[in-house]
Amino acid sequence: MRALARLTVATTLIAVSTAAIAVATHADAADAPAPITVINADFEDGTVEGFTGRSAEVLAASTAQAHGGTRSLSVTGRTATWNGPALNVLDTFEKGTSYTISVWVRMADGSDSARLSVERRLADTANYETVVGNTAVTSGGWVNLTGRYTLSTDVDHLSFYVETASTTGSLFLDDVTVSYTPAVPIQTDIPNVKSVVTEFPVGAAITGAEILGEHGQLLSKHFNSITPGNALKWDATEPAAGTFNYTQADPLIAYAKANGLAIRGHTFVWHNQTPAWVFQRADGTAMTGTADDKALLLDRLENHIRNVGAHYGSAIGTWDVVNEVIDESQSDGMRRSSWYTITGLDYIRTAFKVAREVLPTAKLCINDYNTNVAAKRDALYNLVSTLKGEGIPIDCVGHQMHINVSWPTVAETEAMIQKFVPLGVTQQITEMDVSIYTSSSENFPTPPADRLLSQAYKYRDMFALFRKYASAISSVTLWGLADDNTWLDTYPVSRKDAPLLFDTTLQAKSAYWGVVDPTRIGTTTTAPTSPSSSSTGNPTDSPSPSASSGANSCSITYRVTGSWQGGFQGDVKITNTGTAPYSAWRLNWQFAADQTITQLWNGSVTQNENSVAVFNAAWNGVVPAGGSASFGFLGSWTGSNPAPTSFSMNGNVCTVA
Ligand code: 9MR
């Protein structure tokens, strides 16, 4: 029996309908430990191998059907759709370990949908979780259900079982396996993201299992903020009217407090993950938007925010008060959610006013996705501007930034940030991830190297932009900790995605180096012996005093190709005069006068006062020995416009041609 503690809910669930679970994706995947099988039930020994019915089902090893060998488990006499074959795994599953469960199922007759579920109990309170959702099954063939499950709480009962959606038909089960891959230790000798990016807290959205074991180590090493990904949503905190439940969120908040991490509360109001009762009258009928409906709904909203807000008080420094209220395709720009159709804009007004009352010092945000798209951005701007004009206490605009390797551009993102500056709100990047996919039809069994490289450049460029706007941005959060747990594995279709800084075995990807030290993009994920880091928005080197030679050396041609009053155009050619190739480059120089780069092509730029850092574009990062790369730019100048006299490339001083 496990030790009991007052802990809770929250698991990592990744449901996939068919066999393949993606394997480790980082460069050293071949070195990742092999999976260990802890359960392998094939019923070939003629027993039920520990399976029991959840109720009065009759279980027996049977030769009537077999997926492999000559026998399977026959399950007859089911009395409810939720009753089926179950296996007790209380003494098998360890908290914080991600298990892959695979079962083969077929119906004895007819057809239905089957799903794989977990029941866990603590002190007679049961919770049910779906590991693999409804999947069509028939009597005509075997269907595989494979999913991953991570226990994150203490329990005194734990089992997984197969149930069906509509009928109580008899089932066969075969070749049940459960395996896990031993955790790879996190890299402790690479720079902490939070120590490199110091302009604002850097956060990760987490579920319960991510505060445990190696995940917990990774989280507290690199991040100084968390967002509970689901645990503070209405369905978790007030599942039934007036019944508040903090069992999912409390452990996450306690972890954050213990490790000194900031907390973003997500979210008081959303159209998803809100229980049906919220929009029903006392008699259970649907609200339609009468005056009484509106009053009741606003009452419920107020009560919800007062309770959840007060439960955590000042421990949560920022709240997404409302989430995803914009629909730019509507004439008024407002999403037609039940909130809106029943109350108009009043739900937003009420939510912010009540939140301010109960949380006088919290930053109160309005959060949305695709805010880099002009129409959406402008609709959000108009709403915030109108409501602020009325005195509604909106402190902050949250940009989710669910983006991908080729979208959006830095310029679009910069326009997004610039748009909101005049409103006097702080801005936060709240849910950033960078999908490796650029369309719903793509599906890679393992992330292709070029996508991971493009992803690293995207992270590099976006973080450089955020740091440039440090005065406008007060927090940047990624929507997940590592690629082993991302919502993008099931959205918009089921396929393995890899959108975060760390891979499925928690090792640093090029994306991580894009944030921490872009010169290491594309290099091995092994920790550098003396990690380089930068604490400004504009990484610069400490170049050695004389021009380099040998493996890494470079020559720079800097030309002003056009000049007019106040402006100029420049062209820079980098030649690799060394013997080793560059796989990613960063060129630094100092302008001697008042010169500012306003636009740059074939690369990206950050400028901090006179210090300039130009990074390669996705297509010109590799410069072989003897090869060259070029970029061009437009700049402004006042006074004079002298050419810089000293350049360094990835830390090596270059000769100037
Ligand atoms: O990460 C969340 C995922 O586990 C949920 O299944 C999903 C659906 O409700 O919500 C995810 O988080 C969303 C966030 O709350 C709001 N912006 C979009 C996020 C991704 O869907």
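Chains are numbered independently. Their residues run from 1 in the order of the written sequence. Only residues with pLDDT of at least 70 are given local features in this predicted model, and only at 80 or more are side-chain atom pairs given and counted; all residues enter the totals for whole chains, interfaces and linings. Only hydrogens and water are removed before side-chain values are computed, so all heavy atoms of the structure are retained for them.

Q: What should I look at first to understand the environment of valine 178 in this one?
A: Working definition: helices are DSSP H or I runs of at least four residues, strands are E runs of at least two. Numbering for both runs from the N terminus. Residue placement: valine 178 occurs in strand 12 (residues 171–180). Sequence separation between valine 178 and alanine 262 is 84 residues; the distance between their C-alpha atoms is 37 Å. Whether two residues touch is decided by their heavy atoms; if any such pair falls within 4.5 Å, the residues are in contact. Ignoring any residue separated from it by four or fewer positions in sequence, one finds valine 178 in contact with Ile36, Thr37, Val38, Ile39, Phe93, Tyr99, Thr100, Ile101 and Phe160.

Q: Just checking my understanding: could you explain the pairing of strand 11 (residues 157–164) for this structure?
A: As a general feature of sheets, a regular strand has side chains that alternate between the two faces. Most of strand 11 is tucked away: 8 of the 8 residues are buried. Each residue is assigned to one of three classes by its accessible area relative to the maximum for its type, calculated with a 1.4 Å probe on protein chains only: buried under 20%, partly exposed between the two thresholds, exposed over 50%. Neither face of strand 11 is left uncovered, since the one carrying His157, Ser159, Tyr161 and Glu163 and the one carrying Leu158, Phe160, Val162 and Thr164 both have all their residues buried. At least two bridges found by DSSP between two strands is the condition for calling them paired. As defined by bridge partners, strand 6 (residues 85–88) adjoins strand 11 across 3 bridges and the pair is classed as antiparallel. Paired with alanine 86 across the two strands is tyrosine 161, which belongs to strand 11. Across 8 bridges, strand 8 (residues 111–122) lies against strand 11 in antiparallel orientation.

Q: Got a minute to help me understand the pairing of strand 10 (residues 143–150) in this structure?
A: By the criterion of burial, strand 10 is predominantly enclosed, with 8 of the 8 residues buried. Residue alternation in strand 10 divides its side chains into two sets, Val143, Leu145, Gly147 and Tyr149 and Asn144, Thr146, Arg148 and Thr150, and both sets are buried. Alignment of strand 7 (residues 98–107) against strand 10, held across 8 bridges, turns out to be antiparallel. Considered in strand 10, the bridge of serine 102 is made with threonine 146.

Q: Just checking my understanding: could you explain the packing of helix 5 (residues 291–312) against helix 7 (residues 346–358) for this structure?
A: With their axes 9 Å apart at the nearest point, helix 5 and helix 7 run at an angle of 30 degrees to one another. Considering their axes alone, helix 5 and helix 7 lie roughly parallel with respect to each other. In this structure, the crossing between helix 5 and helix 7 has a hand that is right-handed. Here Lys294, Leu298, Leu301, Glu302, Ile305, Arg306, Gly309 and Ala310 of helix 5 come into contact with helix 7, specifically with Asp346, Tyr347, Thr350, Ala351, Val354, Ala355, Glu357 and Val358. Nonpolar residues are Ala, Val, Leu, Ile, Met, Phe, Trp, Tyr, Cys and Pro. Charged residues are Asp, Glu, Lys and Arg, and all others, Gly as well, are polar. Its residues assigned to classes, the contact of helix 5 with helix 7 comprises 9 nonpolar, 2 polar and 5 charged. Interaxial angle, 0 to 180 degrees, is taken between N-to-C directions of lines fitted to C-alpha atoms, where a helix line uses only the stretch in contact. For classification purposes, an angle smaller than 35 degrees is called roughly parallel, one larger than 145 roughly antiparallel, one from 65 to 115 roughly perpendicular, and anything else oblique. For any helix crossing, the convention is left-handed if the near helix is rotated counterclockwise from the far helix by under a right angle, and right-handed if that rotation is clockwise.

Q: How should I be thinking about the sheet that holds strand 29 (residues 647–649) in this particular structure?
A: Pairing between the strands of a sheet is mediated by backbone hydrogen bonds and can be parallel or antiparallel. On the basis of which strands lie adjacent, the open sheet formed by 5 strands has the order 26-27-24-29-30 and antiparallel pairing. Because the sheet does not close on itself, it has two edges, and the strands there are strand 26 (603–608) and strand 30 (652–653). Summarising the sheet, strand 24 (residues 586–590) and strand 27 (residues 611–616) pair through 5 bridges and their orientation is antiparallel. Bridge pairing in strand 27 places asparagine 588 opposite alanine 613.

Q: When you look at the UniProt feature "domain: GH10" (unreviewed entry) in the protein in this model, what are you seeing that I'm missing?
A: Feature annotation in UniProt assigns "domain: GH10" (unreviewed entry) to the following positions: residues 187–518. From the first C-alpha to the last, residues 187–518 spans 18 Å; its make-up is 37% helix and 16% strand. UniProt positions are given in the numbering used here, feature names are shortened, and annotations may be inferred rather than shown by experiment.

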